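# Coordinate analysis (summary)
Next come the chains, spelled out residue by residue.
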Amino acid sequence: MRNWFVDQAHSTVGFEVKHMMVSKVRGQFDSFKADLEAEDLTDLTTAKIAFKFDVDSINTRNLERDKHLKSVDFFDIQNYPTIDFKSTKITKNRDRYKVTGDVTIKGITKLVTFDVAFGGKGTDPEGVEVYGYEAEATINREEFGLTWNAALETGGVLVGKEVKIKVELELTQQYSAFSKTSSLDKKSLFENKLLKQEITSNEIHRMIADNLTDLVSIIDRNGVIHYVSPSFKTVLNYDLPLLEKTNIFEKIQDDDQDTVRNEILSYCGRTLKRALKSEFRLLHEEGYYIDVEADIVGINEPSFSKNELILVVMRDISERKEVQKAIYQLAFHDSLTNLPNRRSFMNQLRSDVMDRKISKSKLSIFFIDLDNFKQINDQWGHDAGDLALKEAAKRIQSVIRPADIAARIGGDEFVVMLKDVQDEQYATTIVQRMIEQFQTPIKDGEQEYTLTCSIGVAHYPDHGESPEDLIKNADTALYYVKERGKNDFMVFNQLMEHQSLERRLLENALRQGINEHQFYLEYQPKVNLSTNELIGMEALVRWNHPDLGIIPPGKFIPLAEETGLIVPLGEWILRESCRQASAWQDQGYPPLLLSVNVSVRQLEDINFVDKVKTILHETGLDPKWLEFEITESVLANVKSTVSILKEIRNLGIHISVDDFGTGYSSLSYIKELPIDTLKIDQSFVKDIHTNKESKEIAKAIINLAKSIGLTVIAEGIERKEHVDELSKDGYVQGQGYYYSRPLKPSAFEDFMTSNHEAS
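Residues numbered from 1 in each chain as written. Predicted model: local features only at pLDDT ≥ 70, side-chain atom pairs only at ≥ 80, totals over all residues. Heavy atoms only, no water.

## As for the overall build of the protein
Filter applied, for reference: Helical segments are the DSSP runs of H or I of at least four residues, strand segments are the runs of E of at least two, and each set is numbered from the N terminus. Per-residue accessibility, obtained with a 1.4 Å probe over protein chains only, is compared with the maximum for each type, and a residue is labelled buried under 20%, exposed over 50%, and partly exposed between these values. Pairs of residues are marked as contacts when any of their non-hydrogen atoms sit within 4.5 Å. All accessible-area figures derive from a Shrake-Rupley calculation using a 1.4 Å probe, and residue coverage is judged against the displayed protein chains alone.
From N to C terminus, the protein includes 24 helices and 32 strands. Counting all 759 residues of the protein, 50% fall into the buried class. A separation threshold of at least 6 residues defines the contact pool for the protein, and within that pool the share at least 24 residues apart is 63%. Counting only carbon and sulfur atoms, one obtains 47% of the accessible surface of the protein, whose full area is about 36900 Å².

Printed below as a string of structure tokens:
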């Protein structure tokens with residue numbers, strides 16, 4: 001057996017894992033050791049392969065992310081500085097191999113199989129034979145204790161259990177002198193090999209397309225520019241003759257320079273080359289930077305390639321970055337108060353709880369609910385309600401430290417995390433100050449609004465060691481405050497472990513209501529904003545309790561979700577609405593698209609698709625007239641969601657993403673999943689005629705949907721100004737009180753008749 005050596009200068013060991021915000025987190029290990037014994041590198045079946053990765057050398061091009069990945073919740077480099085692999089079995093099928101062996105991470109050893117492909121054979125600049133291989137394997141991060149799932153620098157979380165390990169190797173029988181250092185020393189060799197003929201602009205233009213708006217340049221390995229396209233003048237305002245022979249690295253933002261320079265030098269040093277992609281910021285002549293995406297490839301023209309010239313094709317992605325920023329803001333902040341939203345807060349809470357398992361410091365959670373907020377909305381209108389919410393956010397923030405976090409998690413509910421709490425008395429002092437802040441009336445001109453709050457408190461680790469338990473227990477304490485008169489606070493205790501009396505009674509009543517058919521449906525029209533044509537309807541459930549009267553959906557739907565009662569209730573809603581839609585068609589009314597809300601719990605029901613098929617068969621409704629509205633939370637677990645959504649779509653049923661903008665879905669998920677419609681949340685519609693931010697967000701969603709072929713519908717349309725603003729960007733559908741409130745079946749029939757006569 002002969003020893004073969006890995007040319008580390010031209011080999012990489014990388015990994016990737018799915019991430020909510022940036023689609024995938026990719027990285028590599030800059031330092032590793034490899035031992036390989038084999039008689040012949042064209043046949044690895046008898047080889048012995050061993051690797052040792054230095055985990056401290058992990059590099060994802062983000063220092064904060066690297067710090068997280070090196071922490072105890074992921075690779076834990078303090079206790080486990082290396083990752084080891086040792087082959088146990090190798091099989092071959094043509095040019096591909098299955099290399100099975102033991103991978104040891106954090107002291108845990110599992111059998112892993114790499115798919116290995118022979119990339120070819122070449123000769124390096126010193127005449128040494130080089131063999132190329134590409135290998136890939138997938139591990140389950142939970143099996144190796146890689147449990148960290150906290151907020152990254154972008155605010156998102158890791159969502160995939162799978163971690164892909166990707167290896168690119170160049171193997172030689174002897175150590176190659178052509179290393180990273182030696183390749184840099186070859187500058188003089190490059191300078192001595194002058195071009196044998198002048199490269200004219202016309203010759204370059206024959207190599208590239210005649211009509212590009214991309215920024216095209218040809219550089220050498222050291223960044224010296226030999227050619228730039230005319231677009232450098234039109235896009236960046238550069239004087240082309242002055243730009244040539246300067247250095248492209250000097251035009252790249254300082255923080256990006258070293259990364260791009262190293263990528264290009266590494267690319268030039270490879271024997272087996274593949275196209276390289278990169279993103280960086282490029283300097284405009286007027287002094288600001290634009291974001292560009294670059295394709296970097298070696299020149300394949302025989303007369304030039306020996307001089308190691310590189311074609312760099314860049315395109316301006318600044319607009320895409322701005323859209324991503326807008327979507328990020330949309331996803332992780334409340335647009336009214338600009339506080340973090342529920343998703344952002346929970347990400348941060350998970351991270352802080354993880355840290356405190358090591359530091360042992362304490363934190364406190366305040367669950368805050370504004371008292372009698374509905375009265376302000378009802379008596380003074382939504383503008384007064386919005387003012388109250390913004391003022392509440394200011395008052396909450398005024399009594400906490402900059403390091404503490406306040407968030408609005410929905411409606412009139414807020415939550416606060418106090419970090420590094422020394423004792424419970426400190427938390428009590430802060431919560432008392434917070435309640436005092438709310439004693440001063442809110443002034444709006446000459447009008448005053450009285451607003452108080454109720455607060456439930458839970459301490460880590462005394463009242464829960466997980467984020468979910470802390471929130472649940474603080475919420476439970478809040479319910480006790482509400483039951484005892486409001487405008488006060490309570491700290492969770494063991495007597496509160498059971499649900500409050502109100503919730504227990506409501507849950508029992510909900511079960512009884514489903515059994516006794518106390519529910520009925522109303523239908524809200526959906527209209528083409530351009531033509532006022534009735535195009536569809538949304539089925540909305542209502543509860544008429546025999547003693548309590550009409551109970552608002554916001555009161556019982558969350559409880560139904562929490563208890564699982566949404567499954568039988570949702571099945572009844574679907575059956576009744578499909579029956580009604582089919583009956584209207586039989587009576588001669590024009591067919592309309594029926595929208596029905598479907599929850600996460602329903603989609604998790606293994607019999608859901610069969611139930612849908614049965615209901616469609618029983619009611620006789622053609623599935624092309626049915627649409628399921630899902631919330632963005634359904635998309636959190638894409639792996640399990642995509643299969644069920646595809647089954648539904650294959651039945652001919654449309655799929656709409658409801659309340660778009662209040663949560664977050666990666667753009668790649670929206671593009672790849674079988675979705676037909678995005679529904680703009682009413683919070684961005686209600687002030688679209690006066691609020692520039694709401695207008696831009698709605699415009700961004702409409703443009704996003706158009707670019708990937710989706711329909712857009714806006715909810716909460718209450719004014720003609722809303723219609724005018726939404727119609728500016730083209731065809732949009734809508735619903736809201738401007739057209740009609742939800743109607744009982746008889747009233748909806750009158751609406752269909754009048755709309756048909758008007759058209």
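## Focus on the side chain of Asp 214
For Asp 214, the position within the fold is in the loop between α4 (201-207) and β12 (215-219). Residue Asp 214 is classed as buried on the basis of its relative accessible area of 18%. Not counting residues within four places of it along the chain, the set of residues in contact with Asp 214 comprises Ser 229, Ser 231, Val 313, Met 314 and Arg 315.

## Observations regarding the environment of Asp 371
For the record, the criterion: Identification of polar contacts relies on pairs of N or O atoms within 3.5 Å, with a donor-acceptor requirement for protein atoms, meaning one able to donate a hydrogen and the other able to accept it, and with residues adjacent in sequence counted only if both atoms are side-chain atoms.
With respect to the helices, strands and loops of the structure, Asp 371 is situated in the loop between β17 (362-370) and α11 (373-380). By relative accessible area, Asp 371 is classed as buried at 2%. In the structure, Asp 371 is positioned 42 residues away from Glu 413 in sequence and 9.9 Å away in space, judged by C-alpha atoms. When near neighbours in sequence (up to four residues on either side) are disregarded, Asp 371 contacts Leu 451, Thr 452, Cys 453, Ser 454, Lys 482, Lys 486 and Asn 487. Reaching out from Asp 371, the side chain makes a polar contact with the backbone nitrogen of Cys 453 at a distance of 3.3 Å.

## Topic: the packing of aromatic side chains
Two descriptors summarise a pair of aromatic rings, namely the distance from one centre to the other and the angle between the planes of the rings. Counted only if it meets this: Stacked, edge-to-face and tilted are the three classes for Phe, Tyr and Trp ring pairs, Trp counted by its six-membered ring, which pair at centre distances within 6.5 Å; planes under 30 degrees apart are stacked, over 60 edge-to-face, the rest tilted.
If you walk through the whole model with that rule in mind, you get 20 aromatic pairs. For the pair Trp 4 and Tyr 131, a centre-to-centre distance of 5.8 Å together with 85 degrees between the ring planes defines the contact as edge-to-face. Linking Trp 4 in strand β1 (residues 2-6) with Tyr 131 in strand β10 (residues 129-140), this pair joins segments that are 127 residues apart in sequence. Looking at Trp 4, the relative accessible area reads 5%, which means it is buried.

## With respect to the pairing of strand β15 (residues 289-298)
Remark: a regular strand shows side chains that alternate across the two faces of the sheet. Heads up, the condition is: Pairing between two strands requires that DSSP report at least two bridges joining them.
In this sheet, β15 lies alongside strand β14 (residues 276-283) in antiparallel orientation, the contact comprising eight bridges. In the strand pairing of β15, Leu 283 is matched with Tyr 289. Between β14 and β15, which pair antiparallel and follow one another directly, the connecting turn spans five residues, one of which, Gly 287, has a positive phi of 105 degrees. Where β15 lies against strand β16 (residues 310-316), seven bridges are found, and the strand directions are antiparallel. When the sheet's bridge partners are listed, Gly 298 is paired in β16 with Ile 310.

## Looking at the packing of helix α10 (residues 342-359) against helix α14 (residues 467-483)
Short version of the rule: Geometry is summarised by axes, namely lines fitted to C-alpha atoms with helices restricted to the contacting stretch, and by angles between N-to-C directions that run from 0 to 180 degrees. For this classification, the nonpolar set comprises Ala, Val, Leu, Ile, Met, Phe, Trp, Tyr, Cys and Pro, the charged set comprises Asp, Glu, Lys and Arg, and every other residue, Gly included, is treated as polar.
In contact at an axis separation of 9 Å, α10 and α14 are set at 115 degrees when each is read in the N-to-C sense. Across the interface between the two elements, Phe 345, Met 346, Leu 349, Arg 350 and Val 353 from α10 touch Pro 467, Glu 468, Leu 470 and Ile 471 from α14. Of the residues in the contact of α10 with α14, the class split is seven nonpolar, no polar and two charged.

## What to know about the pattern of salt bridges
We count it as follows: One side-chain nitrogen of Lys or Arg within 4 Å of one carboxyl oxygen of Asp or Glu is enough to make a salt bridge.
Going through the model one piece at a time under the given rule, you end up with 38 salt bridges. Put simply, Lys 611 and Asp 605 hold a salt bridge, and the shortest N to O gap is 2.7 Å. Owing to a relative accessible area of 25%, Lys 611 belongs among the partly exposed residues under this scheme. Here the residues in one salt-bridge network are Asp 214, Lys 277, Glu 293, Asp 295, Arg 315 and Arg 320, joined through shared partners.

## Quick word on helix α16 (residues 553-563)
How we decide: Note that the arc is defined by the directions from the helix axis to the C-beta atoms.
Regarding α16, the residues found buried are Phe 556, Leu 559 and Ala 560. All buried residues of α16 fall inside an arc of 105 degrees around its axis, so they share one side. Looking one or two residues beyond α16, the residue adopting positive phi is Gly 564, at roughly 85 degrees.

## Quick word on the sheet that holds β14
What holds strands together in a sheet is hydrogen bonding between their backbones, with the strands either parallel or antiparallel. Overall, antiparallel pairing links the five strands, which are arranged β13-β12-β16-β15-β14 in an open sheet. Edge positions in the sheet fall to β13 (225-228) and β14, since each of these pairs with one other strand and no more. This sheet shows a mean twist of 30 degrees between the axes of neighbouring strands, independent of strand direction. Most of the contacts of helix α7 (residues 254-269) go to β14, to which it runs at about 145 degrees, and overall it touches β12, β14, β15 and β16.

## Examining the sheet that holds strand β23 (residues 489-491)
Here we have five strands laid out as an open sheet, ordered β18-β19-β17-β22-β23, and mixed in their pairing. Edge positions in the sheet fall to β18 (405-410) and β23, since each has one partner strand and no second. When the angles between neighbouring strand axes are averaged without regard to direction, this sheet yields 20 degrees. Where β18 lies against strand β19 (residues 413-421), five bridges are found, and the strand directions are antiparallel. Paired with Arg 408 across the strands is Phe 414, a residue of β19.

## Points about the nonpolar core
The condition that has to hold: Residue types Ala, Val, Leu, Ile, Met, Phe, Trp, Tyr and Cys, when buried and joined through side-chain atoms within 4.5 Å, form a set referred to as a nonpolar core.
Leu 594, Leu 626, Phe 628, Ile 648 and Ile 680 are the most contacted members of the largest nonpolar core, which totals 74 residues. When residues in this core are grouped by element, the largest group, seven residues, is from helix α17 (residues 566-586). Leu 594 has contacts with Tyr 523, Met 537, Ala 539, Ser 577, Cys 578, Ala 581, Leu 621, Trp 625, Leu 626 and Glu 627, leaving out every residue within four places of it along the chain. Leu 36, Phe 53, Ile 139 and Val 163 belong to the second-largest nonpolar core, a separate cluster that totals 45 residues.

## Side note on the side chain of Glu 627
Within the secondary structure layout, Glu 627 lies in strand β28 (residues 626-631). Here Glu 627 is in contact with Lys 526, Leu 593, Leu 594, Ser 595, Val 596, Ile 653, His 654, Ile 655, Ser 656 and Thr 677, once residues within four sequence places are set aside.

## Some thoughts on unusual backbone geometry
The omega angle of the peptide bond from Tyr 460 to Pro 461 is 5 degrees, so this bond is cis rather than trans. With respect to the helices and strands, the residue Pro 461 is situated in the loop between β22 (453-460) and α14. The backbone of Asn 338 shows a phi angle near 65 degrees, a positive value even though the residue is not glycine. Tracing the backbone shows Asn 338 in the loop between α9 (318-332) and α10. Judged by its relative accessible area of 47%, Asn 338 is partly exposed. The backbone phi angle of Asn 532 is positive, close to 65 degrees, even though this residue is not glycine. Classification of Asn 532 as partly exposed rests on a relative accessible area of 44%.

## Some remarks on the packing of α17 against helix α19 (residues 608-619)
Our working definition: Any angle that falls under 35 degrees is termed roughly parallel, while one over 145 is termed roughly antiparallel, one within 65 to 115 roughly perpendicular, and all others oblique. Throughout, a crossing is termed right-handed when the near helix is turned clockwise from the far one, and left-handed when it is turned anticlockwise from it by less than a right angle.
Where α17 meets α19, the closest approach of the two axes is 9 Å, and the angle between their N-to-C directions is 30 degrees. Classed by the angle they form, the pair α17 and α19 counts as roughly parallel. When you trace α17 past α19, the crossing you get is right-handed. Each of Val 567, Glu 571, Leu 574, Arg 575, Cys 578, Arg 579 and Ser 582 in α17 lies in contact with α19, whose residues at this interface are Lys 611, Val 612, Ile 615, Leu 616, Glu 618 and Thr 619. Counted by class, the contact of α17 with α19 contains six nonpolar, two polar and five charged residues.

## Comments concerning the environment of Val 723
Within the element layout of this structure, Val 723 appears in helix α23 (residues 720-727). It is 6.5 Å that separates the C-alpha atoms of Val 723 and Leu 529, two residues lying 194 residues apart in sequence. Setting aside its immediate chain neighbours within four residues, Val 723 contacts Leu 529, Ile 717, Tyr 738 and Tyr 739.

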